[in-house]
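# An overview of the molecular structure
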Amino acid sequence: MQDFTEPFSLALRLILAGDAELLGIVLLSLRVSLSAVLIAALIGMPLGAVLAVGRFPGRAALVVTVNALMGLPPVVVGLVIYLLLSNAGPLGVLQLLYTPTAMIIAQVVLVTPIIAALSRQVIEDLNGEYAEQLRSLGVSRVASVPTLLWDGRYSLMTAFLAGFGRAIAEVGAVIIVGGNINHVTRVMTTTIALETSKGNLALALALGIILVAIAIAVNAAVGLMRGSERQVAHA
Amino acid sequence: MLRRQFIGMAFALVAGLGLAAPQAQAAERFIIVQSTTSTANSGLLDAILPAFTDKTGIEVRVVAVGTGQAIKNATNGDGDVLLVHAKSAEEKFVAEGWGVERFNVMYNDFVVVGPAADPAGIKGSADVVAAMKKIAAAGAPFASRGDDSGTHKAELKLWKEAGVDVAAASGGWYRETGSGMGATLNAGVGMGAYVLTDRATWISFGNKGDFGVAVEGDQRLFNQYGVILVNPQKHPNVKAGDGQAFIDWLTGPEGQKAIAGFTIEGQQLFFPNAARKPAVQG
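Every value quoted in this text rests on a predicted model; they were computed, and no experiment measured them. (Residues numbered from 1 in each chain as written. Chains lettered and ligands numbered in written order. Predicted model: local features only at pLDDT ≥ 70, side-chain atom pairs only at ≥ 80, totals over all residues.)

Here the focus is the overall build of chain B. A tally of helices and strands in chain B yields 13 helices and twelve strands. The buried share of chain B, reckoned over its 282 residues, is 46%. Here the contacts in chain B between residues at least 6 apart in sequence split such that 76% fall between residues at least 24 apart. (Helix = DSSP H or I, 4+ residues; strand = E, 2+ residues; numbered from the N terminus. Buried ≥ 20, exposed ≤ 12 C-beta atoms within 10 Å, placed from the backbone. Contact = placed C-beta atoms within 7 Å.)

Take the domain arrangement of chain B next. For an interface, size is often stated in terms of accessible area lost upon the parts coming together. All names here are of chain B. For chain B, the assigned domains read domain 1 (24–107 + 224–272) and domain 2 (109–221). The C-alpha-based centres of domain 1 and domain 2 are spaced at 27 Å. Taken together, the contact between domain 1 and domain 2 spans 19 residues of the former and 14 residues of the latter. Listing elements by their share of the side of domain 1 that touches domain 2, those giving two or more residues are α3 (37–41) and α5 (67–75). For the side of domain 1 that touches domain 2, the element with the highest residue contribution is α3, accounting for three residues. Per-class residue counts for the side of domain 1 that touches domain 2 are seven nonpolar, eleven polar and one charged. (Domains from an automatic or database assignment. Nonpolar A, V, L, I, M, F, W, Y, C, P; charged D, E, K, R; others polar.)

What follows concerns helix α9 (residues 188–197) of chain A. Residues and elements named next belong to chain A. Counting buried residues along α9, nine of its ten residues qualify, which places the element largely inside the surrounding structure. Listed in full, the buried residues belonging to α9 are Met-188, Thr-189, Thr-190, Thr-191, Ala-193, Leu-194, Glu-195, Thr-196 and Ser-197. Immediately beyond the C-terminal end of α9, within one or two residues, lies Gly-199, with a positive phi of roughly 80 degrees.

Once that is clear, we can look at the environment of Phe-271 of chain B. All names here are of chain B. For Phe-271, the location among the structural elements is in strand β12 (residues 271–272). Separated by 165 residues in sequence, Phe-271 and Met-106 have C-alpha atoms that sit 5.2 Å apart. Contact partners of Phe-271, with chain neighbours within four places excluded, come to Met-106, Tyr-107, Asn-108 and Ala-260.

Residue and element names in this part refer to chain A. Between helix α2 (residues 20–53) and helix α7 (residues 153–169), the least distance of the axes is 9 Å, while the angle of their chain directions is 135 degrees. Taken together, the axis directions place α2 and α7 in an arrangement best described as oblique. When you trace α2 past α7, the crossing you get is right-handed. Contacts between α2 and α7 involve Ser-29, Ser-33, Ala-36, Val-37, Ala-40, Ala-41 and Met-45 from the former and Leu-156, Phe-160, Gly-163, Phe-164, Ala-167 and Ile-168 from the latter. (Axes fitted to C-alpha atoms, helices over the stretch in contact; angles between N-to-C directions. Parallel < 35°, antiparallel > 145°, perpendicular 65-115°, else oblique. Left-handed = near helix turned anticlockwise from the far one by under 90°.)

Position of Ala-143 of chain A relative to the elements: it lies in the loop between α5 (100–136) and α6 (144–151). In this structure the C-alpha to C-alpha distance between Ala-143 of chain A and Val-108 of chain A, which are 35 residues apart in sequence, comes to 26 Å.

On to the nonpolar core, then. By size, the foremost hydrophobic cluster in this structure holds 113 residues, and its most contacted members are Ala-106 and Val-177 of chain A. Dropping the residues within four chain positions of it, Val-177 of chain A is found in contact with Gly-78, Ile-81, Tyr-82, Leu-85, Leu-97, Ala-102, Met-103 and Ala-106 of chain A. Ranked by size, the runner-up nonpolar core spans 31 residues in total, among them Val-113, Phe-142, Tyr-174 and Ala-214 of chain B. (Core = buried A, V, L, I, M, F, W, Y, C linked by C-beta atoms within 7 Å.)

To continue, consider the pairing of strand β3 (residues 81–84) of chain B. Residues and elements named next belong to chain B. Because side chains alternate across β3, one face comprises the buried residues Val-81 and Leu-83, and the other comprises Leu-82 and Val-84, equally buried. Relative to β3, strand β1 (residues 30–36) runs parallel, the two sharing three bridges. What sits directly across from Gln-34, in β3, is Leu-82. Looking at chain direction, β3 and strand β9 (residues 222–230) are connected through four bridges and run antiparallel. By the bridge assignment, Leu-82 is partnered in β9 with Ile-228. (Pairing = 2+ DSSP bridges.)

Looking now at the confidence of the model for chain B. Residue and element names in this part refer to chain B. Looking at chain B as a whole, its pLDDT mean stands at 89, while 88% of the residues score no less than 70. Per-residue pLDDT stays below 50 along residues 19–26; that stretch engages in seven contacts with residues further than four places along the chain or on separate chains. In this model residues 277–282 is a low-confidence stretch, pLDDT under 50, and it forms twelve contacts with partners more than four residues away in sequence or in other chains. (pLDDT = per-residue confidence, 0-100.)

With phi around 65 degrees, His-183 of chain A is a residue other than glycine that occupies positive phi space. Structurally, His-183 of chain A can be placed in the loop between α8 (172–178) and α9. The exposed category is assigned to His-183 of chain A, around which 12 C-beta atoms lie within 10 Å. Backbone geometry at Glu-265 of chain B places phi at a positive 50 degrees, although glycine is not the residue there.

Below you can see the structure in the form of structure tokens.
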């Protein structure tokens, strides 16, 4: 019978001890995943909006593709980015392999389709409500994109958080392109994989608990941001 | 106004986490060593590398994967030094021009670990080939790495010597996990299957369950580690000077002494032998 109380007490002790090593790993995880999600949002949200309001040939096919790419396997993304960034690959001169930047790139590839697909849905719904009004004001489809994105920002937060959830939780891509190098590219998920492979299951689970706690904290922070801004808006 | 504040908050968050830091790291002096899970997971490299870094100012970044993957990564030029344990594959790597020269570094040995119940009745045996024949005859579960690692290659060689066709038993009593040593040990302990593992990983492994060493002490379980500089003529990015400095240190008196001095629970895990050729080949 496995003892499930030990990982919880271990997690609590790790947090209370404020271990510098663990803190470095947590901060790198946040830096990599938040950077990746922000970049992915800058690409994915306008892309989703264009897919929502645009009328161009191949749009339906593109929508299906973006939706399907939400299911990209992280290992495959990691492998492709590895082959691109490898010294034997076309982008080897950039010397990015085994750096946090390579991890950010891999996660951007993973997360962009998720944000684009969810944004498309949000904007499409919103456009259904607004289209007539915008057209009557003489706003073109393309010109209506910024307005729709801005008005849909609360709903788009969910797309952002879904992307963040994917980025912070994945291990397959970052372990290949980052190499899980101690103090350089070691993040929460690769540490958990490493401790599992060492047979330190309680420690691995404790780190998992901390990872979930961080995800909750980030979600709560975004929720607060959203709440406080709404208050300002209504004041 | 509001919009700017909102976006500003989001960017401040990321900027605060130091998005610009990767550039700062690139300026440091470091080499990348493609190595195996046994050297990294056992804690050996963490224990001995600081002394090298203190002496030379060269940081050593270790990518710990299976020997097969480490050799492929090094072939792609994604590393300066290769530190693995599959002598024939290493010699091929050098012969094909990907590596400069191979040096012996250290050795340890493989052991077969198994459940306390010992369904194949091999506990205490010092004849690994006979033990593997017994496992096959009993149809007792055996968990293999199945990942083209050094340990996997060594295991396949032993099955061949035992005259057992494991491909035919795949999915039956012979189970290929296709993962690292630790993951395979976790799987083996979970399903009561025998596992061939290097002793270093086994001693430092934290999830032994009721498993113990069943077979050890056979000459055929010898496990030699070698170190190779990736050929800078094939890959101009290779930091030949710093990489060679690491190899010289590792195979020199300081590195060898550090390897010998690394123990877990009072047991020495690796035995330095850079100065001489291995007595037996594993």
